[in-house]
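What follows is the residue order along each chain.
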Amino acid sequence: MADFPRFPSPDDLLILLTVARLGRFTAVADALKTTHTTVSRRILALEQQLGGRTLERTPHGWELTELGRAAVTAAEGVEKSLGQLTSGLGNGVDAVSGVVRISTSDGFGALIATPALARLQLKHPSLRVELLSATRRLSKNRSGMDLEVVAGSVEAGRAETLHLSDYSLRLYAGTGYAQTHGLPASVAELGNHRSISYVETTLQVSELALQRPARPLDRAHSALTASSVNTAQFQATSVFAQIEAVRANAGIGMLPAFMAEGQDGLVRVLPKEVEQRVQFWVAARAESLRSPAVQAVLGAFRDQIQRMANRLLPD
């Protein structure tokens, strides 16, 4: 009787591929609708079959060993071949399917990611998305996401980063506030007005707090935050709350132009003197970026940014 070679389980290879993309067993278990224990057991079985470790634990999550990288290359081939096979059988299997997990700020998530993903899902009904909102700097130690979209400068560590777009922060006041209090004629006069901003003790993105040194805009921020003790101030972790506070005439706020420009009840303040440019970046593991679903999501984001180009890009 002939001896047949024993190959690693394709299912185990695909689980390893998902670990490489997400970096955490718990995230993989959620994505695959299984348990952390099952994921761990299947990785162990794969390693026993291959004769070595495929993963090592790091502060950034699980990372591939040299053997693991070779196994993931094989897993990507399995994934592609299975997709081609099922499509050839007429089952209508779409390569843009499965779960894509995205972390982003609430403004980008609502105005860019959400319409982009909704259109993408109309074309690819098998695609599921999980959108988590957080205004924070890219974390070197956080995993479990296919894509992280962040504002401001990035130091990605192991992750690869791609520039999505620039956008502007500008000063706005409510129309009622302007009628009642008037608008400042100079940066120095901002200190006489109430301000609206992020809660700076919780904000991780310094560009949104306008604290970088030796910039003209710092004078505007200093003037806004150095108001008199009798001036009421409004701080919120949500940019939507800030916009509504400005619209409700609670003070002057520095808001993303792509969210505020042209909105009813808002007027520009010092349009020729105050403007801050910020960047949107996306970070992902290399294994995630090779996923057809993730590539489709990035394409959808870029399409939505192009649709909003006149409002998103700085003048």
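Residues numbered from 1 in each chain as written. Predicted model: local features only at pLDDT ≥ 70, side-chain atom pairs only at ≥ 80, totals over all residues. Heavy atoms only, no water.

## Comments concerning the overall build of the chain
Okay, so step 1: When its secondary structure is counted, the chain shows 13 helices and 11 strands.
Okay, so step 2: Across the 315 residues that make up the chain, the buried fraction comes to 47%.
Okay, so step 3: Relative to all contacts within the chain whose residues are 6 or more apart in sequence, the contacts with residues 24 or more apart total 77%.
Okay, so step 4: Entry remark: accessible area of the chain is about 15,500 Å², with carbon and sulfur atoms responsible for 52%. (Helix = DSSP H or I, 4+ residues; strand = E, 2+ residues; numbered from the N terminus. Buried < 20%, exposed > 50% of the residue type's maximum accessible area, 1.4 Å probe, protein only. Contact = heavy atoms within 4.5 Å. Areas by Shrake-Rupley, 256 points an atom, 1.4 Å probe, with all protein chains shown as cover.)

## Thoughts on the environment of Thr161
Okay, so step 1: Among the structural elements, Thr161 can be located in strand S6 (residues 160-174).
Okay, so step 2: For the pair formed by Thr161 and Ala284, sequence separation is 123 residues and the distance between their alpha carbons is 6.6 Å.

## Details of helix H5 (residues 106-123)
Okay, so step 1: The end-to-end C-alpha distance of H5 is 24 Å, a good match for the 26 Å that 18 residues give at a rise of 1.5 Å each.
Okay, so step 2: Residue Ala113 marks the point of greatest curvature in H5, where the axis turns by about 40 degrees; the proline Pro115 follows within four residues.
Okay, so step 3: Three or more residues of H5 are buried, namely Asp106, Gly107, Phe108, Gly109, Ile112, Ala113, Ala116, Leu117 and Leu120. (Expected span 1.5 Å × (residues − 1). Bend = angle between axes of the 7 residues up to and from the residue.)

## Focus on helix H1 (residues 10-22)
Okay, so step 1: The end-to-end C-alpha distance of H1 is 19 Å, a good match for the 18 Å that 13 residues give at a rise of 1.5 Å each.
Okay, so step 2: Burial in H1 covers these residues: Asp12, Leu13, Ile15, Leu16, Leu17, Thr18, Val19, Ala20, Arg21 and Leu22.
Okay, so step 3: Its side-chain oxygen at 3.2 Å from the backbone nitrogen of Asp11, Ser9 defines the N-terminal cap of H1.
Okay, so step 4: At the exit of H1 stands Gly23, carrying a positive phi of roughly 85 degrees. (Polar contact = N/O pair within 3.5 Å; in protein donor to acceptor, adjacent residues only side chain to side chain.)

## Thoughts on the pairing of strand S4 (residues 127-133)
A regular strand places its side chains on the two faces of the sheet in alternate fashion.
Okay, so step 1: Across 7 bridges, strand S3 (residues 98-104) lies against S4 in parallel orientation. Counterpart to Gly98 in the pairing with S4 is Leu127.
Okay, so step 2: One crossover worth recording links S3 to the parallel S4 by way of H5, and it is right-handed. (Pairing = 2+ DSSP bridges. Right-handed = clockwise from strand over helix to strand, strands pointing away.)

## Notes on the pairing of S6
Okay, so step 1: With 11 of 15 residues buried, S6 lies mostly within the body of the structure.
Okay, so step 2: Bridge count between S6 and strand S11 (residues 276-284): 9 bridges; the pairing is antiparallel. Note on S11: the bridge partner recorded for Glu160 is Ala284.
Okay, so step 3: Note that S6 and strand S10 (residues 266-268) share 3 bridges and pair antiparallel. In the sheet register, Tyr172 faces S10, and the bridge partner there is Arg268.

## Thoughts on the packing of helix H2 (residues 25-32) against helix H3 (residues 36-50)
Okay, so step 1: For the pair H2 and H3, interaxial distance at closest approach is 8 Å and the crossing angle is 105 degrees. In terms of their interaxial angle, H2 and H3 are classed as roughly perpendicular. Contacts between H2 and H3 pair Phe25, Thr26, Val28 and Ala29 from the former with His36, Val39, Ser40 and Ile43 from the latter.
Okay, so step 2: Classifying every residue of the contact of H2 with H3 gives 5 nonpolar, 3 polar and no charged. (Axes fitted to C-alpha atoms, helices over the stretch in contact; angles between N-to-C directions. Parallel < 35°, antiparallel > 145°, perpendicular 65-115°, else oblique. Nonpolar A, V, L, I, M, F, W, Y, C, P; charged D, E, K, R; others polar.)

## Looking at the environment of Pro8
Okay, so step 1: Relative to the elements of secondary structure, Pro8 occurs in the segment before H1.
Okay, so step 2: For the pair Pro8 and Leu46, spaced 38 residues apart in sequence, the C-alpha to C-alpha distance is 6.3 Å.
Okay, so step 3: Excluding anything up to four places from it in sequence, Pro8 contacts Leu13, Leu46, Gln49 and Leu50.

## Re the nonpolar core
Okay, so step 1: In this structure, Phe108, Leu147, Phe280 and Phe301 are the most contacted members of the largest nonpolar core, which totals 54 residues.
Okay, so step 2: Ranked by residue count, the leading element in this core is helix H12 (residues 292-307), at 8 residues.
Okay, so step 3: Among the nonpolar cores identified, the runner-up in size contains 21 residues, and Ala20, Ala27, Val39 and Ala71 belong to it. (Core = buried A, V, L, I, M, F, W, Y, C linked by side-chain atoms within 4.5 Å.)

## With respect to the packing of H5 against H12
Okay, so step 1: Interaxial distance between H5 and H12 falls to 9 Å at its minimum, and their mutual angle equals 120 degrees. In terms of orientation, H5 and H12 fall into the oblique class. Relative to H12, H5 is oriented so that their crossing is right-handed. Of H12, the residues touching H5 (which contributes Phe108, Leu111, Ile112, Ala113, Pro115, Ala116, Leu117, Arg119 and Leu120) are Ala296, Val297, Ala300, Phe301, Asp303, Gln304, Ile305 and Arg307.
Okay, so step 2: For the contact of H5 with H12, a count of residues per class yields 13 nonpolar, 1 polar and 3 charged. (Left-handed = near helix turned anticlockwise from the far one by under 90°.)

## With respect to the confidence of the model for the chain
Okay, so step 1: Put simply, the chain has an average pLDDT of 81, and 79% of its residues get 70 or more.
Okay, so step 2: By mean pLDDT, the top-scoring element of the chain is S10 (96), and the lowest-scoring one is helix H7 (residues 206-209) (48).
Okay, so step 3: Long-range and interchain partners of residues 209-216, a stretch whose pLDDT sits below 50, account for 19 contacts in this model, where long-range means more than four residues apart.
Okay, so step 4: Within the model, pLDDT remains below 50 along residues 225-232, and this stretch shows 10 contacts once partners closer than five positions in the same chain are excluded. (pLDDT = per-residue confidence, 0-100.)

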